[in-house]
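Examination of the molecular architecture
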Amino acid sequence: MSAVATPSSGGLSGRPGNGAGRLRFGIRVRLFLAFVAVATLSVVACALGWLSYDRLGGTLDEFAESHLPALGVAAKLAEEGGAIIATAPILAGSRTEDEMDAIRDTLGRRLTTLRALTDAIEGGVPGLRPVVDSLGRNLAALDGTVRQRLALGRRNQEAIERLRWLHADFLDEIDPLVADARFNIQSALATVESGKPSADAVRILREENRRSEALLQIGANGNLAVGLVARAATLATAELLDDNAGFLDETADRLQRDLTALAGWADGVSLRQLVGQLLDLARGADGSVPALRREELETAARGQALLAENRDIVARLNGLIARQVQAVEQDSRAAAARSAGAVAFGRSALLASALVSLLVAVLVAWLYVNRNLISRLTRLGDAARAIAAGDLKADIPLGGGDELSDMAAALLVFRDTAIAVEEANAQAIIDNAQAGLAITDAQGVIEFVNPLAAALIAPPPGVRAGEGEAGRLADRLDAEAAARLAAFFARAPFAQAPDGAGGPAPTLSILATGRRPDGGAVPVQVGVRPFWRRQRQRFIVTLTDMTERLEAQHVLERTVQERTTDLRATNDRLERAIAEHQRTERELREAQAELVQAGKLAALGQLAAGVGHELNQPLAAIRSYAHNGRKLIGLGRVEEAEGNLGKIADLTARMANITNHLKRFARRPDSRLGAVELAPVIQGALSLFGNRLREEAVAVELALPDAGPASGTPLRVRAEEVRLEQVLVNLLSNALDAVAGAPVRRILIRAEVVEDGEESGGEEGGAVRIEVRDSGSGIAADPVAQIFDPFFTTKPVGTGLGLGLSISYNIVRDFGGVLSVAESGPDGTAFVLTLTRA
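How each quantity is defined
- Residues numbered from 1 in each chain as written.
- Predicted model: local features only at pLDDT ≥ 70, side-chain atom pairs only at ≥ 80, totals over all residues.
- Heavy atoms only, no water.
- Phe/Tyr/Trp six-rings, centres within 6.5 Å; stacked < 30°, edge-to-face > 60°.
- Helix = DSSP H or I, 4+ residues; strand = E, 2+ residues; numbered from the N terminus.
- Buried < 20%, exposed > 50% of the residue type's maximum accessible area, 1.4 Å probe, protein only.
- Lys, Arg positive; Asp, Glu negative; His and termini not counted.
- Salt bridge = Lys/Arg side-chain N within 4 Å of Asp/Glu carboxyl O.
- Polar contact = N/O pair within 3.5 Å; in protein donor to acceptor, adjacent residues only side chain to side chain.
- Contact = heavy atoms within 4.5 Å.
- Pairing = 2+ DSSP bridges.
- Axes fitted to C-alpha atoms, helices over the stretch in contact; angles between N-to-C directions.
- 1 Å grid on protein atoms, 1.4 Å probe; cavity = no way out; pocket = protein on both sides within 12 Å on 5 of 7 lines; lining within 4 Å.
- Points joined across faces, edges and corners; volume = space filled by probe spheres on them.
- Nonpolar A, V, L, I, M, F, W, Y, C, P; charged D, E, K, R; others polar.
- pLDDT = per-residue confidence, 0-100.
- Left-handed = near helix turned anticlockwise from the far one by under 90°.
- Core = buried A, V, L, I, M, F, W, Y, C linked by side-chain atoms within 4.5 Å.

Inspection of every chain in the model, using the stated rule, returns three aromatic pairs. Seen in terms of ring centroids, Phe 488 and Phe 539 are 5.9 Å apart; in terms of plane orientation they differ by 75°. Their pairing is edge-to-face. One end of the pair, Phe 488, is in helix H10 (residues 479-490); the other, Phe 539, is in strand S5 (residues 536-545), and 51 residues separate them in sequence. Neither residue differs from the other here; Phe 488 and Phe 539 are each classed as buried. On the numbers, 5.0 Å between centres and 90° between planes, the contact of Phe 489 with Phe 539 is edge-to-face. Taken together, the residues span a long stretch of sequence, with Phe 489 in helix H10 and Phe 539 in strand S5 at a distance of 50 residues. As far as the burial class goes, Phe 489 and Phe 539 line up, both buried. An aromatic cluster is present here, built from Phe 488, Phe 489 and Phe 539 joined pairwise through their rings.

Take a look at the structure:
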């Protein structure tokens, strides 16, 4: 639509001075004037809205400054109370003091936060501070209860460990006594059966038989008592402890009754002492396992009661917080009512301005936009959508003298150009495709095939393509493929729109048998997919010759089957080899363990003379002090006699330390590794050679660091204590043998920390280097390479088996360390032991 304006009509004039000139009054100017009117009304509406929102803002500021902070503090109070409820059971169930301290710190921080939030509530909440203080006292009591439970648990574990050692000593003591009794019985029986019985033989037989029966009863009841005591340490209720205590008392009574049968028997003194210690653990007044367990259960019950009290206190806290929240909500409702009044005023003002704006917009939209612009744009849009969907014959509305008529003319040119380009491109693509292509309608009738497709789906003999039913795609394939194609085309037309809306289009892909022009069968991969062409649905068919691909697939399947058979056979052989290797490795480990134990026992055998001397000296001193003490008592000098008795006690403790050290050294080591303090292990190894060092006048020099560089803790290595001491005993024994004939007899033991990157191999924490150096004549160059081989020795025949260094080498390797010969020469030999620092 166009407009012509003249000066006489009050419109726009053309060039100045030319009354007949005309200007084009188009869509842009018309819409601009309409928008100016609507914008003016919008400014008026904004002014009214600003006034109402200014009143609303004052109310919201009041709400944000007073009510929201109170609600936030109340929410944080509830959150901290819930966190305390959730954390308190974790504190009650702590397993270690470190874990308990960490949880107690967390609860302490939350309690501090709770107190700070309580102080932050404006005006305060009546009764809130006493509840928070009660919660603090409850947590402190719960902390004390948990600490007591952990202490009782440690004492219980220590008692059980003592029970294990008492049980081991009990078995070591009673088994030889039973064997002696049986031997004495057999000797007495032999005397009686010889035909020359005597009253002494019969008496000995009866007495030994009575002792044997008593010993067997003591052994059975002692094992039963150990089991009952160990069971009491793990019982979960007091009722079970009472039942267990009844059985334990009966067993203890039988033990004491059986011990009376051994009264006056000198060989049974140690056994009576061990049984007495066992009975102390079973039902002693202080420190018995059942008593400790009962106290531990009572402490756990107190902890549960404190947890229940904790939940009640937090519930009261939540009630106070809820009342505070209700008060804040009442204030908030009042503020909301004031805000509603401001909003109602603003709504009325905005509604009035909106109605005026709407009236103006409706007039513009109905009189101009809808009746002129929208109707023409709708027809033009329909034509554009039809062309985009493939309908290149769609009508294009022309007419008018504005911008829309220009768009219609441009769309007409685009449509005519698209028709020409589409026809040219489609023909070029199909003719030059490197695969067989065909196009069918919705019933499967072939409309077009390119040369490659014609060579794969030739019509039956005597029928030309396109004659009757021979023009269908299904008629040119085997029966099974034809049935699947018929079922696929029966579902046509598919719902997908020409623009691709409605989801992915259904497709069909099958392997069929086609026909060559000479009548031969050919395997063909057939792919069918719908498409839209000028508002009509068509199907494009892709045909691929599968002859070479199927042949290659058959060859691949045969090859895979052959390779699979070979792999199975190889896998079976590997599994058998692995099983044999595992069995051999297990046997080697068992043999190594036996060699390690044999090496320790051999070392103890070599040290027997020195240990005997170490024991004979305090025995002689004890005999002297006892003789003098008897005379001093006879003379009435009791205080001096008490001094002698104190020295006898010290010497007895010294002998006990020696025997305990030998016993610990002789037992089988633990396979687990841990942090071992180095200095006590070295001192323990030296103590086994104390007598030999003095007799052979060998000087020992120790260079051990007192503590770590920064932490101030003793130097520790990652090892197992008994096996590490065995390694040092072997090295010291070899060093003593090496300096036996040397003019200067000196052994140096030095330990130092090796920092990262020097010899530790980059291990975290570094390593510890232990050097054992002697002043002997050294080792020849050739044997040094074989020094760690089993059964290799440089000692004279009969003085060594050659297993000490081999066993030590394997022990150090199990520790993850290295044992090597640092140097050897006329001035002596140095062995270096490198271990991971713990």
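Next comes the rest of the write-up.
With respect to the helices and strands, Asp 441 occurs in the loop between strand S1 (436-440) and strand S2 (446-449). Buried charge without a partner: Asp 441 forms no salt bridge, and the closest opposite charge is Arg 472, 6.2 Å away. Within polar-contact distance, the side chain of Asp 441 engages the backbone nitrogen of Gly 444 at 3.1 Å. Here the side chain of Asp 441 touches Val 445 through a polar contact of 2.9 Å, landing on its backbone nitrogen. With near-sequence residues (within four places) excluded, Asp 441 lies in contact with Glu 447, Phe 489, Arg 538 and Phe 539.

This paragraph deals with the sheet that holds strand S7 (residues 699-703). Spatial ordering of the open sheet is given by S7-S9-S10-S12-S11, a layout of five strands whose pairing is mixed. Both outer strands of the open sheet, S7 and strand S11 (818-825), are each paired with one neighbouring strand and no more. Strand-to-strand, the axes of this sheet are offset by a mean angle of 15°, without reference to chain direction. As defined by bridge partners, strand S9 (residues 746-754) adjoins strand S10 (residues 767-774) across eight bridges and the pair is classed as antiparallel. Note that in S10 the partner of Leu 748 across the bridge is Arg 773. Along the sheet, helix H13 (residues 678-687) contacts S7, S9 and S10; its crossing angle with S7, the most-contacted strand, is approximately 175°. Each of S11 and strand S12 (828-836) touches helix H17 (residues 804-814); the most contacted strand, S11, lies at about 135° to it.

Below, the discussion takes up the side chain of Arg 476. Inspection of the secondary structure assignment puts Arg 476 in the loop between helix H9 (451-454) and H10. Despite its burial, Arg 476 pairs with no opposite charge, the nearest such side chain being Asp 475 at 7.4 Å.

For the rest of this paragraph, the subject is the environment of Ile 747. Along the chain, the position of Ile 747 falls in strand S9. It is 9.5 Å that separates the C-alpha atoms of Ile 747 and Gly 828, two residues lying 81 residues apart in sequence. Setting aside anything within four residues of it in sequence, one finds Ile 747 in contact with Val 698, Ala 699, Val 700, Glu 701, Leu 732, Ala 735, Leu 736 and Arg 773.

The next point concerns the layout of surface pockets. Taken as a whole, the second largest pocket encloses approximately 400 Å³ of empty space. Looking at the second largest pocket, it is lined by 21 residues, and the ones nearest its centre are Ser 94, Arg 95, Arg 149, Leu 150 and Glu 296. Counting residues per element, the lining of the second largest pocket draws most heavily on helix H7 (residues 289-388), at eight residues. Looking at the lining of the second largest pocket residue by residue, the class counts come to seven nonpolar, eight polar and six charged.

Overall, the predicted model of the chain reaches an average pLDDT of 75, with 74% of residues at or above 70. Counting contacts from residues 1-22, a segment whose pLDDT is below 50, to residues more than four positions away or on other chains yields 24 contacts. When the criterion is pLDDT under 50, residues 759-763 qualifies, and its contacts beyond four places in sequence or with other chains add up to eight contacts.

With that settled, the discussion passes to the packing of helix H15 (residues 721-738) against H17. Relative orientation of the contacting elements H15 and H17 amounts to 145°, with a least axis distance of 9 Å. When the axes of H15 and H17 are compared, the crossing they make is left-handed. On the side of H15, the interface is formed by Arg 723, Gln 726, Val 727, Asn 730, Leu 731 and Asn 734, while H17 contributes Gly 804, Leu 805, Ile 807, Ser 808, Ile 811, Val 812 and Asp 814. A breakdown of the residues in the contact of H15 with H17 according to their chemical character gives six nonpolar, five polar and two charged.

This model, assessed by the stated rule, comprises 11 salt bridges. Where Arg 583 meets Glu 580, a salt bridge forms, and the shortest distance between an N and an O atom there is 2.3 Å. Pair noted here: Arg 583 and Glu 580 are both in helix H11 (residues 547-634), with a separation of three residues, about one helical turn. With a relative accessible area of 32%, Arg 583 lands in the partly exposed category. Residue classification places Glu 580 among the partly exposed residues on the basis of a relative accessible area of 40%. Arg 773 serves as the salt-bridge partner of Glu 771, at 2.5 Å between the closest nitrogen and oxygen. What makes Glu 771 buried here is its relative accessible area of 3%. Exposure remark for Arg 773: the relative accessible area of 25% places this residue in the partly exposed category. Through salt bridges with shared partners, a single ionic network connects Arg 750, Glu 752, Arg 769, Glu 771, Arg 773 and Glu 823.

Residues Leu 678, Leu 724, Leu 833 and Leu 835 are the most contacted members of the largest nonpolar core, which totals 40 residues. If one sorts the elements of this core by residue count, H15 sits on top with eight residues. What Leu 835 contacts, discounting residues up to four positions off in sequence, is Val 717, Leu 724, Ala 767, Val 768, Ile 770, Val 812, Phe 815 and Gly 817. Counting 33 residues, the second largest nonpolar core, distinct from the first, contains Ile 174, Ala 252, Leu 255 and Leu 278.

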